[in-house]
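Residue-level structure breakdown
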Amino acid sequence: MNLSDIIAINICKQGSDNMQIAICDDEVSMVQILEEKIKKLLPDAVIEKYLSGDELIASGSKPDILFLDIQMPYIDGLAIGKYIRNNLDDNVTEIVYISSERKYAMDLFSVRPMNFIIKPVSENDIFDMLQLGLKLVKNSSQLFDYELKGETHRVKLSDIYYFKSDARKIIMIMSNGTEISFYGKMSELAEKVTKYNFKYIHKSYIINSIHVKHFTARKVIMNNGHELPVSRTNRENIKHYE
């Protein structure tokens, strides 16, 4: 069984729903190579192609996965990634950086990319990125149910910034700035959401990692500016950012 067969089986299990993928690279040949490899592994994907950061930004595109070259003239991939996260407030698009040099790896933390791969890009590289991307995109579309005044309500997990405990209640802070309170236990909540992009950082806080702007060993700063403490026992949960 080849790579195309393997990923096709996993896509059927996870549901691709015509995944939207964008490629941004100033080298036409590189764009063509990436497109061919992606199409081979994911024939139903909708692929957008851009030869500059200006083109990508002007398009207003919000793909599921963005393959983004770092070394481009005028606007480089690092600046584009920061623009997507900070100016467009898009923390859902999964960014895969591509470069011929490894030296940029340490500069990418603020953009929170899905991964970083070195040119020349192999089919195995694309396979790994699509596999991971499918999983993350699926997770971001998951729904969270909670009880409020005897009724069940539902929100998208990707719209939740974090949960905090307040006595017997849990307060859910949303991406639109609203706060929703409901009765529950943090331990039971953690069992439901940590299988997705959520991390337990403190006995009183569970955060959605796609909305983390900055972190240190002692605190996490969310995209809405809220600073949350990281307990010593939960520091392991944020080590994947380091």
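Since we're looking at a predicted model, the values are computed, not measured.

When its secondary structure is counted, the chain shows 6 helices and 15 strands. Across the 242 residues that make up the chain, the buried fraction comes to 46%. Within the chain, counting contacts between residues at least 6 apart in sequence, those at least 24 apart form 52% of the total. With an accessible surface of roughly 12,700 Å², the chain has 48% of that area assigned to carbon and sulfur atoms.

Glancing now at the side chain of Asn208. Mapping Asn208 onto the fold places it in strand β12 (residues 205–208). Take Asn208: its relative accessible area is 1%, and that puts it in the buried class.

By the definition in use, this model includes 7 salt bridges. The closest approach of N and O atoms between Lys49 and Glu35, which form a salt bridge, is 3.3 Å. Of this pair, Lys49 sits in strand β2 (residues 46–50) while Glu35 sits in helix α2 (residues 28–41), placing them 14 residues apart in sequence. A relative accessible area of 21% places Glu35 in the partly exposed class. What emerges from the salt-bridge pattern is a single network uniting Asp25, Glu27, Asp69 and Lys119.

Overall, the coordinates contain 6 aromatic pairs when judged by the stated rule. Consider the rings of Phe144 and Phe182, whose centres lie 6.0 Å apart with planes at 50 degrees: the pair is tilted. Linking Phe144 in strand β6 (residues 143–148) with Phe182 in strand β10 (residues 179–183), this pair joins segments that are 38 residues apart in sequence. Residue classification places Phe144 among the buried residues on the basis of a relative accessible area of 4%. Grouping aromatic residues by their ring pairs yields a cluster made of Phe144, Tyr146, Phe163, Phe182 and Phe198.

An order of β2-β1-β3-β4-β5 is seen for the 5 strands of this open sheet, with the pairing classed as parallel. A strand with exactly one partner marks an edge of an open sheet, and here the two such strands are β2 and β5 (115–118). Here the average twist between neighbouring strands, direction ignored, is 20 degrees. Relative to strand β3 (residues 65–69), strand β1 (residues 20–24) runs parallel, the two being bridged by 4 bridges.

Of note, Ser209 is situated in the loop between β12 and β13 (212–215). Along the primary structure Ser209 and Ser158 are separated by 51 residues, whereas in three dimensions their C-alpha atoms are 9.6 Å apart.

As paired strands, β13 and strand β14 (residues 219–222) are joined by 3 bridges and run antiparallel to one another. When the sheet's bridge partners are listed, His214 is paired in β14 with Ile221. Here β13 folds back onto β14, and the loop between the two strands holds 3 residues. Judged from the 3 bridges that link them, β14 and strand β15 (residues 227–229) form a sheet pairing that is antiparallel.

Right, let's talk about the nonpolar core for a bit. Within the largest apolar cluster, 25 residues are counted, with the highest numbers of intra-cluster contacts made by Ile21, Leu34, Phe67 and Ile126. Contributions of two or more residues to this core are made by β1, α2, β3, β4 (94–99) and α5 (123–140). It is α5 that contributes the most residues to this core, 7 residues altogether. Those residues in contact with Phe67 that lie beyond four places of it in its chain are Ile21, Ala22, Ile23, Cys24, Leu34, Ile38, Val96, Ile98, Ile126 and Met129.

Analysis parameters
- Residues numbered from 1 in each chain as written.
- Predicted model: local features only at pLDDT ≥ 70, side-chain atom pairs only at ≥ 80, totals over all residues.
- Heavy atoms only, no water.
- Helix = DSSP H or I, 4+ residues; strand = E, 2+ residues; numbered from the N terminus.
- Buried < 20%, exposed > 50% of the residue type's maximum accessible area, 1.4 Å probe, protein only.
- Contact = heavy atoms within 4.5 Å.
- Areas by Shrake-Rupley, 256 points an atom, 1.4 Å probe, with all protein chains shown as cover.
- Salt bridge = Lys/Arg side-chain N within 4 Å of Asp/Glu carboxyl O.
- Phe/Tyr/Trp six-rings, centres within 6.5 Å; stacked < 30°, edge-to-face > 60°.
- Pairing = 2+ DSSP bridges.
- Axes fitted to C-alpha atoms, helices over the stretch in contact; angles between N-to-C directions.
- Core = buried A, V, L, I, M, F, W, Y, C linked by side-chain atoms within 4.5 Å.

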